[in-house]
Amino acid sequence: MTESPSRAATPTLSYVVPTIGVPEHLAKCLASIYGDGERLDAPRELIVVWQAPIAGAAEGSKALRELCRRLAAAQPGAIDGPARIIELPRPVGFARAVNDGIAASGGDWVALVNDDVVLEAGWARRLLEAAGAVSRVAAAQGINVMACGGDGEDARIDGAGLAWNRRWQAVQLGRGEATRSAGLTAGASSGRLRRQPAGTPAHPVCDEVYGVSATAAIYRRAALVEVSGDGDALRPFEERLDSYYEDVELADRLHGAGYHALLAPAARAVHTGALSSRSPRAARRRTRRVYANRLLVLARRLGRGFWPRVPVVLGRDVVDALRRPKTAPMPGDLEPPGVVDLACAWGRAARLLPRFAHFGPGIRR
């Protein structure tokens, strides 16, 4: 990466929050966005994409609008104008929901924030400063902390960027590590964060990672336009993936286009995690979707190199089904797949594979 020759004008920012109904965490999320927006000098807007549940749609819409009105009245000027609420008649999945929000946004940068995330003060400002200091940056994120860890020394990292490991699985860098670790830098091959060598700054301004998690991150609008393909609509996320691995697939395209992604450790966000998959049935569905989408993203990423790796990937999936974790899982961890889960995952992947597989050279890595 190279330093930008000159600092550009202060960029505008659009916050996009996808949500289903009005969960208890949404009020804290939106309140943190208003607090974060107060620390920005340029115009900023808030777009909430509300996927209405079948029951209680009218009441939920009214409650959401009243919540935004109260927050705007309590912090005037934090967000320019009233929050824009995009109402969808039913849950449509993360990729389509955020695409609707991004298409309606107008900022130079788009901040995606899950509805169960609370931003620490100055989150967006720190990310924009880090991204503005380096050329060809398409996305940036800070360290996401698990809500269950609290604010003390035992707090754990939910994620600090995305990477592919040697098992051809996308991983959250640093997941489960203690946030008190100083001098962290990304280790893409291991899926962990490494300490920097002695003598380097304890808290670097930023560090390059392969991609960012759409849990809480900012994306450069111009980069999203470049990788979105043909057509007038800006819809950068692959909607056929629905949820899970959609941010990994986008990271692949941005990386292939020559863009960088940054981790800015000074920017923090607290993530509750996996609220939509807390029930056993939802957890099984999540596991199946993750294993299926990984195959689809791998097929697009590797091109003709995908086919020789299919037996190896299948063998590793079987190992995952037979092996059980030795330690208690953290909130939001993926449930180990069973044989039925793998059969469903590979069946879904086989149905969608013609739209993802190709015999080209694959994504430049």
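Residues numbered from 1 in each chain as written. Predicted model: local features only at pLDDT ≥ 70, side-chain atom pairs only at ≥ 80, totals over all residues. Heavy atoms only, no water.

### As for the overall build of the protein chain
The following threshold applies: Numbering of helices and strands starts at the N terminus; helices are DSSP runs of H or I of at least 4 residues and strands are runs of E of at least 2. Under the scheme applied here, a residue whose accessible area is under 20% of the maximum for its type counts as buried, over 50% as exposed, and between as partly exposed, the area being computed with a 1.4 Å probe on protein chains only. Contacts were defined at the residue level, with two residues in contact if any of their heavy atoms lie within 4.5 Å. Areas reported here follow the Shrake-Rupley algorithm with a probe of radius 1.4 Å; residue values treat only the protein chains shown as occluding.
The helix and strand tally for the protein chain stands at 9 helices and 14 strands. Out of the 365 residues in the protein chain, the part that is buried amounts to 53%. Long-range pairs, those at least 24 residues apart, make up 75% of the contacts in the protein chain between residues at least 6 apart in sequence. With an accessible surface of roughly 16,600 Å², the protein chain has 54% of that area assigned to carbon and sulfur atoms.

### Observations regarding the pairing of strand 4 (residues 109-113)
Stated precisely, the cut-off is as follows: Strand pairing follows a simple DSSP-based rule, namely that at least 2 bridges must link the two strands.
Burial runs high along strand 4: 5 of the 5 residues are buried. Residue alternation in strand 4 divides its side chains into two sets, Trp-109, Ala-111 and Val-113 and Val-110 and Leu-112, and both sets are buried. Two strands pair when backbone bridges link them, and strand 1 (residues 13-20) and strand 4 are joined in this way by 4 bridges, in the parallel orientation. Its bridge partner lying in strand 4, Ser-14 is registered against Val-110.

### Observations concerning unusual backbone geometry
You will see that Trp-168, though not glycine, has its phi angle at about 55°, which is positive. If you trace the backbone, Trp-168 turns up in the loop between strand 8 (162-164) and strand 9 (170-172). The backbone of Asp-242 sits at a positive phi, close to 65°, despite the residue not being glycine. With respect to the element layout, Asp-242 can be found in the loop between helix 5 (221-227) and helix 6 (246-256).

### Focus on helix 1 (residues 26-37)
Each full turn of the α-helix corresponds to 3.6 residues, which orients residues three or four apart in the same direction. Heads up, the condition is: Working rule for helices: expected span equals 1.5 Å times residues minus one.
Over its 12 residues, helix 1 runs 16 Å from end to end, which matches the ideal 16 Å to within 8%, given 1.5 Å per residue. Across the 12 residues of helix 1, 9 count as buried, placing the element largely inside the fold. Where helix 1 is concerned, the buried positions are Leu-26, Cys-29, Leu-30, Ser-32, Ile-33, Tyr-34, Gly-35, Asp-36 and Gly-37.

### Quick look at the pattern of salt bridges
Test applied: A carboxyl oxygen of Asp or Glu within 4 Å of a side-chain nitrogen of Lys or Arg is what we treat as a salt bridge.
All chains considered together, the criterion is met by 19 salt bridges. One salt bridge connects Arg-70 with Glu-66, and the closest N-O pair in it is separated by 4.0 Å. With Arg-70 and Glu-66 both in helix 2 (residues 57-74), this residue pair falls 4 residues apart, about one helical turn. Under the relative-accessibility criterion, Glu-66 is labelled partly exposed at 34%. Salt-bridge contacts for Arg-294 lead to Asp-317; the nearest nitrogen and oxygen are separated by 2.2 Å. Of the two residues, Arg-294 is situated in helix 7 (residues 280-302) and Asp-317 in helix 8 (residues 306-322); the sequence distance between them amounts to 23 residues.

### What about the environment of Val-313?
Here Val-313 lies in helix 8. Val-313 sits in the buried class, given a relative accessible area of 3%. The spacing of Val-313 and Trp-168 is 145 residues in sequence and 7.5 Å in space, taken between C-alpha atoms. For Val-313, the residues in contact, after removing those within four places along its chain, are Arg-294, Leu-295, Leu-298 and Trp-346.

### Thoughts on helix 3 (residues 94-104)
Burial analysis of helix 3 places 8 of its 11 residues in the buried class, the great majority of the element. Restricting attention to buried positions, one finds in helix 3 the residues Phe-94, Ala-95, Ala-97, Val-98, Asn-99, Asp-100, Gly-101 and Ile-102. Where helix 3 is buried, its residues touch strand 1, strand 2 (44-51), strand 3 (84-88), strand 4, helix 5 and helix 6.

### Describing the side chain of His-271
Basically, it comes down to this: Pairing of N or O atoms within 3.5 Å defines a polar contact, subject to two protein rules: one partner must be a possible hydrogen donor and the other a possible acceptor, and residues neighboring in sequence count only if both atoms are side-chain atoms.
Relative to the helices and strands, His-271 is located in strand 14 (residues 260-271). The class for His-271 is buried, based on a relative accessible area of 9%. Within the structure, His-271 has its side chain in polar contact with the side chain of Asp-116 (distance 3.3 Å). Not counting residues within four places of it along the chain, the set of residues in contact with His-271 comprises Asn-114, Asp-116, Val-117, Val-145, Met-146, Ala-147, Asp-158 and Thr-215.

### Observations concerning a nonpolar patch on the surface
Keep this limit in mind: Patch construction takes residues with relative accessible area above 30% that form no salt bridge. Like charges are linked within 9 Å, and nonpolar side chains (Val, Leu, Ile, Met, Phe, Trp, Tyr) are linked within 5 Å.
Residues Leu-314, Val-318 and Leu-322 make up a contiguous nonpolar surface patch of about 280 Å² in total accessible area. Mapping Val-318 onto the fold places it in helix 8. What makes Val-318 partly exposed here is its relative accessible area of 37%.

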